[in-house]
Every structure is written in structure tokens, then in C-alpha cells.
Amino acid sequence: DSGVTQTPKHLITATGQRVTLRCSPRSGDLSVYWYQQSLDQGLQFLIQYYNGEERAKGNILERFSAQQFPDLHSELNLSSLELGDSALYFCASSVARGHRGETQYFGPGTRLLVL
Amino acid sequence: AQTVTQSQPEMSVQEAETVTLSCTYDTSESDYYLFWYKQPPSRQMILVIRQEAYKQQNATENRFSVNFQKAAKSFSLKISDSQLGDAAMYFCAYRFSAAGNKLTFGGGTRVLVKP
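Residues numbered from 1 in each chain as written. Chains lettered and ligands numbered in written order. Predicted model: local features only at pLDDT ≥ 70, side-chain atom pairs only at ≥ 80, totals over all residues. Heavy atoms only, no water.

Asks: Honestly, the overall build of chain B in this entry has me stumped. Any pointers?
Replies: Counting its secondary structure elements, chain B contains zero helices and twelve strands. Going from the N terminus to the C terminus, chain B shows its helices and strands as β-β-β-β-β-β-β-β-β-β-β-β. Taking 13 Å as the expected radius of gyration for a compact globule of 115 residues, we find that chain B reaches 14 Å, a close match to that expectation. Once the C-alpha set of chain B is aligned to its principal axes, its extents read approximately 45 × 25 × 20 Å. For chain B, with 115 residues in total, the buried portion stands at 48%. (Helix = DSSP H or I, 4+ residues; strand = E, 2+ residues; numbered from the N terminus. Rg over C-alpha atoms; globule rule 2.2 N^0.38 Å. Buried < 20%, exposed > 50% of the residue type's maximum accessible area, 1.4 Å probe, protein only.)

Asks: Teacher, can you tell me more about the sheet that holds strand 1 (residues 5-7) of chain A here?
Replies: All names here are of chain A. Taken in spatial order, the four strands line up as 1-3-8-7 in an open sheet, and their pairing is antiparallel. If you trace the sheet from one side to the other, it starts and ends with strand 1 and strand 7 (64-68), each paired once. With direction set aside, neighbouring strand axes in the sheet form an average angle of 15°. Judged from the five bridges that link them, strand 7 and strand 8 (residues 74-78) form a sheet pairing that is antiparallel. (Pairing = 2+ DSSP bridges. Axes fitted to C-alpha atoms, helices over the stretch in contact; angles between N-to-C directions.)

Asks: What should I look at first to understand the pairing of strand 10 (residues 88-96) of chain B in this one?
Replies: Looking down a regular strand, the side chains alternate between one sheet face and the other. All names here are of chain B. In terms of residue burial, strand 10 counts as a mostly covered element, since eight of its nine residues are buried. Bridge analysis of strand 5 (residues 32-39) against strand 10 gives eight bridges, and the strand direction is antiparallel. What sits directly across from Phe35, in strand 10, is Ala93. Here three bridges tie strand 10 to strand 12 (residues 109-114), and the two strands are oriented antiparallel to one another. By the bridge assignment, Met89 is partnered in strand 12 with Arg110. The pairing of strand 10 with strand 11 (residues 104-105) spans two bridges and is classified as antiparallel.

Asks: Just checking my understanding: could you explain the state of the cysteines for this structure?
Replies: Two cysteines form a disulfide when their sulfur atoms are joined by a covalent bond. All names here are of chain A. Applying the stated rule across the entire model yields two disulfides over all chains. Two residues share a disulfide in this structure: Cys23 and Cys91, whose sulfurs sit 1.8 Å from each other. Between Cys23 and Cys91, the S-S dihedral sits near -50°, and the bridge is therefore left-handed. One end of the pair, Cys23, is in strand 3 (residues 19-24); the other, Cys91, is in strand 9 (residues 87-94), and 68 residues separate them in sequence. Owing to a relative accessible area of 0%, Cys91 belongs among the buried residues under this scheme. (Disulfide = S-S within 2.5 Å.)

Asks: Teacher, can you tell me more about the side chain of B:Gln44 here?
Replies: On the secondary structure map, B:Gln44 appears in the loop between strand 5 and strand 6 (46-52). Among the polar contacts made by the side chain of B:Gln44, one reaches the main-chain carbonyl oxygen of A:Phe106 at a distance of 2.7 Å. A distance of 3.4 Å separates a polar atom in the side chain of B:Gln44 from the backbone oxygen of A:Gly107. (Polar contact = N/O pair within 3.5 Å; in protein donor to acceptor, adjacent residues only side chain to side chain.)

Asks: I'm lost on the nonpolar core in this one. Help?
Replies: Among soluble globular proteins, nonpolar side chains are generally buried collectively. Counting residues in each nonpolar core, the largest one holds 25 residues, and the members touching the most others are B:Tyr25, B:Trp36, B:Phe75, B:Leu77 and B:Tyr90. Elements that contribute at least two residues to this core include exactly strand 3 (19-21), strand 5, strand 6, strand 8 (64-69), strand 9 (74-79), strand 10 and strand 12 of chain B. Looking at this core, the element that brings in the most residues is strand 10 of chain B, giving four residues. Contacts of B:Leu77, omitting those with residues within four sequence positions, involve B:Val19, B:Thr20, B:Leu21, B:Trp36, B:Ile49, B:Phe64, B:Ser65, B:Val66 and B:Tyr90. Counting residues in hydrophobic clusters, the runner-up holds 21 residues, among them A:Ile47, A:Leu81, A:Ala87 and A:Tyr89. (Core = buried A, V, L, I, M, F, W, Y, C linked by side-chain atoms within 4.5 Å. Contact = heavy atoms within 4.5 Å.)

Right, dumping it as C-alpha cells:
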């Protein structure tokens, strides 16, 4: 158990819908990262938050957004869902900003299926 | 842009034997970090080992060791005395140590362990 929690574990929804994925980082970790794992794109970095502020952005679609709250939990919002958004979404956390090779600890993931 | 390549989609090893997974990466940076993550059937991402590019010495964690060749931009993982629990997908990952804390992953290598 990495100490990172993600809810829900599974999510089934329809195209065009909107969903929210939730992540709680390890106790004391200030950075939260979101990754998407899909069959065709592999594991891709989406976005990072550090202490409530967006820190780095990757291949995140405009239909997707994220935020980190004062209690440091984070939410990833996916809207206007398409079949291709079906994937495993991981949250990871680290102590600080991610410098100097600090380890990112991954949560168990949320499996999203868009029908 | 940094890229990570794992040329072996699947490797098979006999229990108690040794298997080596290949990883190459492309970067113009000199200060970075490399990681191997294991993803068992549970889909959890588990850090196996990490290597700091400025360190000459190859990292070792119990039965797992790496062969880091900086000039060749190669970072292979050796699993010694393979166990059934080692069966999983293994991902090589790169992170530049300055701004942009994302992990860039390779496509993964599936390891099968035969009893």
C-alpha cells in the first residue's frame, strides 16, 4: 500500500458525460500528479499540482481539468467523454515539487470505461 | 523531447533464473533520474529501483540491479533468482531533475515467469 488513495476504483459511464476522479496523497506529500494509462497511448503524464497550484502540464486535453484543494486532495474532471477516454487513471504523490529525483508513489488507479 | 524505448514487448524466464530487460532513452540533459516500475496484474505501480544519472555506481535493490550506461543512454534491469511474484509489466521511466517533474515512461515489457 503506497498510502495514496483514489476513488472510485471503477467507473462506467456514457459518451458525452462528465466524471470526477478523486485522489488523496500520502500524508505530508504536497505534490500530486495525474497519469493516464491507455492501450494506445501507454502511460502519459497529464498534470501536476504542488501545494494547490498547477506546477506542470503534459498531454492533458482541454476537456480535462484538475485542481488541488487546501487539504491537498486533488480531483481530475473529465467532461464530454469519448470512447477513447477509457483508460486507467493514476494519481501519484511526492513530498515536494519533484526535484532531485524524489520518488513518486502511485495510487491504485481509477479504471474508467466509457460506453 | 525526451523519449524512452523498451524494445522487448515480452520476456520469459524460468523460475530461479535471471532475466534482463532493456531500456534506452533519448535526452540532451546531463542531470536526470531513471526508474523502473513494476505493474503486477493488480495494476498498482510499484517502484522497483531508481538511478541518479550523476552517480557512476549502478543501483541495486535485493534481487534487482541495473546496468546504467550514460554515454549509451541505456538503463537495463536485471532480475536475479526470478520468482513467480516477479511476473508483471515493467516500465522504465525518465525524469529530468529540473523544471517539469513528469515521469516519461517506456512502452513496457511483460515478464512471464515459468515454474
